[in-house]
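# Understanding the architecture of this molecule
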Amino acid sequence: MEERGLGGGGKGAWRGWRTRIFGGCSEPPFCWWGTPVPPGATPGQLPPHPKPFPPHRHQEKNLTVRCEQDLGPIVLIRLHKWRLFLEDAWFCKDVRVTAPDGTLYRFPCHQWLEGVTTVEVREGSGKKPADDELEILKEHRRQELKARQEAYQWKNFAEGWPRCLNVGSIFELDSNVQFSCVRATNFTGVLIFQGASHLLAGFLLRNSSWNSLDEMRSIFSRTKGREIVPEYVAKHWREDDFFGYQFLNGNNPIVIQRCTALPAKFPVTPEMVAGSLGGGTNLNKEMQEGRIFIVDYEVLEGIPAGTIHGRQQYVAAPLCLLHQGADGLLRPIAIQLSQTPGPTSPIFLPSDAEWDWLLAKTWVRNADFYSHQLLTHLLRTHLFGEVFAIATLRQLPACHPLFKLLMPHFHFTLHINTLARCVLINPGGVIDKATGVTYEGMLLIGQRGLAKVTYTSLCLPDDIRHRGMADLPNYHYRDDGMSLWEATESFVSGIVAFYYREDAAVRGDAELQAWVMDIFTNGFLGRTSSGTVSTWVSPGVAGGQGQVPDALCCPPPPPGIPSSLQTVAELTKFLTMVVFTCSAQHAAVNNGQYDLGAFPPNAPSSMRHPPPVEKGKTLLQHFLNTIPEVDTTANIVVALILLSSRLSDRRLLGHYPEERFTEAEPRRLIRAFQGRLEEIRDRIEERNHWAPLRYSYMNPLEIENSISI
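Just so it is clear, the structure is predicted and the values come from calculations on it, not from any experiment. (Residues numbered from 1 in each chain as written. Predicted model: local features only at pLDDT ≥ 70, side-chain atom pairs only at ≥ 80, totals over all residues. Heavy atoms only, no water.)

## A few points about the sheet that holds strand E16 (residues 347-348)
Read from one edge of the open sheet, five strands run E10-E11-E14-E15-E16, paired in antiparallel fashion. Pairing within the sheet leaves two strands with one partner each, and these edge strands are strand E10 (257-258) and E16. Of the strand pairs in this sheet, strand E11 (residues 292-296) and strand E14 (residues 319-324) are connected by five bridges, and their pairing is antiparallel. Paired with phenylalanine 293 across the two strands is leucine 322, which belongs to E14. Against the sheet, helix H7 (residues 240-249) makes contact with E11, E14 and strand E15 (330-336), and its axis sits at roughly 95 degrees relative to E15, the strand it touches most. Each of E11, E14, E15 and E16 is contacted by helix H8 (residues 270-277), which is oriented at about 155 degrees to E15, the strand it contacts most. (Pairing = 2+ DSSP bridges. Helix = DSSP H or I, 4+ residues; strand = E, 2+ residues; numbered from the N terminus. Contact = heavy atoms within 4.5 Å. Axes fitted to C-alpha atoms, helices over the stretch in contact; angles between N-to-C directions.)

Here's what the structure looks like:
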């Protein structure tokens, strides 16, 4: 590479500009060169004779560029790449130019250069549209966004679902959003998937019921190093304590809410649950004092069930009532397996026969499997993460401070989601073939789920308050999540304050406003009704259950998903939600999938008999014949092993190896963010030290920056 400059120095006064180029090569090396561009330069002024050099993996190349004139501040460089005989793609990390007076200019690039191409890279300071005065920089912004909007287009995946990237397979993805070679090798099955399939080969060919509950342990006991939590689950899955614990710290910790009045469709009487509540109290009193909780899987009502091996499967939409005991633990006290009460929809109780109660709880775990996989995990992290990523690529140029902030949190997201549409949620994919819902049923669940998403539910502090879960003990998801939200908010707030000094700067940033509107339109389908829809009751209208304390009432519904942002505070909250969703929230609902789902009865992916319509008929063999057969279980477990694996090239939350920010203040804020994450890690590890079951899914050591698996 050789750099030659243009400027206004004296004739014959040659000046040396020292240039350092950093990059990494994944294929055979190739040639390229660059030219620094001062303010006001035009393409016709570029020097015609570049000097090539062959870069190598992780190479730093030092060059000296001489010119007759003082170039002044360098605002833009152009990098030119030629291709030799074979494809010679090369990744450029950044370019650093030291002026004769010692001034250092950094040009973050962080992109692949393929074929014969020219790219223009701006100096690394974050710049909003209002910060650019030179026409050459304004035009650069326009052209960059025009090219990106052509490269990253929206398409509909299904009616009522968030829109997604318009590609048909991972091979159509731009190189800059594809998996690295290391991750592709690990992920595509050469190491993990094929290894797991071989390990479980003895189960994949058995389409019969399990012989016993104890036999089910063998499906994970062979998975060396991954058996500790599944073994705990296998020992405790029957216990009501553990059943309740999973609503707080399991894979789906966002569906439970405090119950201040029973819905008419769930006619639990005080007499039914008196034995579960203990003496000296009753159901009405426990509700009024905030110790009754409910989980409602209404979203599954009427969902069409499919077939596996030609045999009909079944789907239920249960309701579950839980009670916080004097010891602080949460336990189920009543379960109804449909949304319609009546003689054929009995309310199951802990006092019922052992297998009746156990089967009722297993139906709830099956419903929770669908709710978690399709809504909490797929919709609310993966699909929303993709929406955030596409909107960022389409609406924010690389120099925009919010692009610099957000892009590390979309690392590999477009690749993993494209792969999911080809393997997991496609017709004939894992969800279609190894779960009890049809493909059409899956689409309907996603459609209903999106219709119920609120801005409140995406912002953890608001969601905790809205669900009435602020005071329940042993809610590690809430406690760890709030610490992470606050740390993220502090970091984001510092970045926003550095670049947006006042509310007017937010309102006047056209690129920012286009970004928010793109998310609102294509992610949330322009729904203006996405504010909180409360299921709580106000004081005095508790359906005959008495007065509800003010502290337990839901506040007035806040605004829905924003289509514009007007203040610094609004921008900070929205950005915090985006970063949290793509990092901590995904870790919370993804990382425990194998741990809590490997033992089949704890998270059955299908049910082979309909929900019981009367009590006293269930025995062990009927239970074994209801949960998934062996090969269906094995297929799901293989997927769970893959999806909850810790791959070698993961990037942990708060670690930004690409160093997109060049100013001192954002870099200081990153270090402070990392320090807070270390404090959170220490607190979690101290709590976990003596715990019989450790909650580590929101330990910063287990949280990736992005949704990449």
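## Focus on the packing of helix H10 (residues 354-395) against helix H19 (residues 510-522)
With their axes 9 Å apart at the nearest point, H10 and H19 run at an angle of 145 degrees to one another. The handedness of the crossing between H10 and H19 comes out as right-handed. Contact residues: H10 offers Val387, Phe388, Ala391, Thr392, Arg394 and Gln395, while H19 offers Glu511, Ala514, Trp515, Asp518, Ile519 and Asn522. For the contact of H10 with H19, the residue count by class is six nonpolar, three polar and three charged. (Left-handed = near helix turned anticlockwise from the far one by under 90°. Nonpolar A, V, L, I, M, F, W, Y, C, P; charged D, E, K, R; others polar.)

## A look at the confidence of the model for the protein
Of the residues in the protein, 83% have a pLDDT of 70 or more, and the chain-wide mean is 86. This stretch, residues 1-14, has a pLDDT under 50; its non-local contacts, to residues over four places away or in other chains, come to 57 contacts. When the criterion is pLDDT under 50, residues 532-555 qualifies, and its contacts beyond four places in sequence or with other chains add up to 49 contacts. (pLDDT = per-residue confidence, 0-100.)

## Regarding the pattern of salt bridges
Two side chains with opposite charge may pair up if their charged atoms get near one another. By the definition in use, this model includes 37 salt bridges. As a salt-bridge pair, aspartate 132 and arginine 122 come within 2.7 Å of each other at their nearest N and O atoms. Of this pair, aspartate 132 sits in the loop between strand E7 (117-122) and helix H1 (135-151) while arginine 122 sits in strand E7, placing them 10 residues apart in sequence. Of the charged contacts in the structure, one is a salt bridge between arginine 291 and glutamate 286, with a shortest N-O distance of 2.8 Å. (Salt bridge = Lys/Arg side-chain N within 4 Å of Asp/Glu carboxyl O.)

## A look at the packing of aromatic side chains
Evaluation of the coordinates by the stated rule reveals 20 aromatic pairs. Ring centres 5.8 Å apart and planes at 35 degrees place the aromatic pair tryptophan 237 and phenylalanine 623 in the tilted group. Placement of tryptophan 237 in the loop between helix H6 (228-236) and H7 and of phenylalanine 623 in helix H22 (residues 620-626) is noted, with a sequence separation of 386 residues between them. Judged by its relative accessible area of 7%, tryptophan 237 is buried. Through pairs of rings, three or more aromatic residues link up here, namely Trp237, Trp355, Phe599 and Phe623. (Phe/Tyr/Trp six-rings, centres within 6.5 Å; stacked < 30°, edge-to-face > 60°. Buried < 20%, exposed > 50% of the residue type's maximum accessible area, 1.4 Å probe, protein only.)

## Section: H10
Every α-helix carries 3.6 residues per turn, so stepping three or four residues along brings you back to the same face. For H10, built from 42 residues, the straight-helix expectation of 62 Å at 1.5 Å per residue is met to within 8% by its first-to-last C-alpha distance of 58 Å. Roughly 50 degrees is the biggest bend found in H10, and it falls at leucine 378. The buried fraction of H10 amounts to 41 of the 42 residues, a majority that puts the element mostly inside the structure. (Expected span 1.5 Å × (residues − 1). Bend = angle between axes of the 7 residues up to and from the residue.)

## Concerning the state of the cysteines
Within this structure, the stated rule accounts for zero disulfides. We note that cysteine 109 lacks a disulfide partner, and the nearest cysteine sulfur, in cysteine 92, lies 3.9 Å from it. (Disulfide = S-S within 2.5 Å.)

## Remarks on the environment of threonine 281
With respect to the secondary-structure elements, threonine 281 resides in the loop between H8 and helix H9 (283-288). Each C-alpha atom, one on threonine 281 and one on proline 270, is 10.0 Å from the other, the two residues being 11 residues apart in sequence. Engagement of the side chain of threonine 281 in a polar contact is seen with the side chain of glutamate 286, the distance being 2.5 Å. (Polar contact = N/O pair within 3.5 Å; in protein donor to acceptor, adjacent residues only side chain to side chain.)

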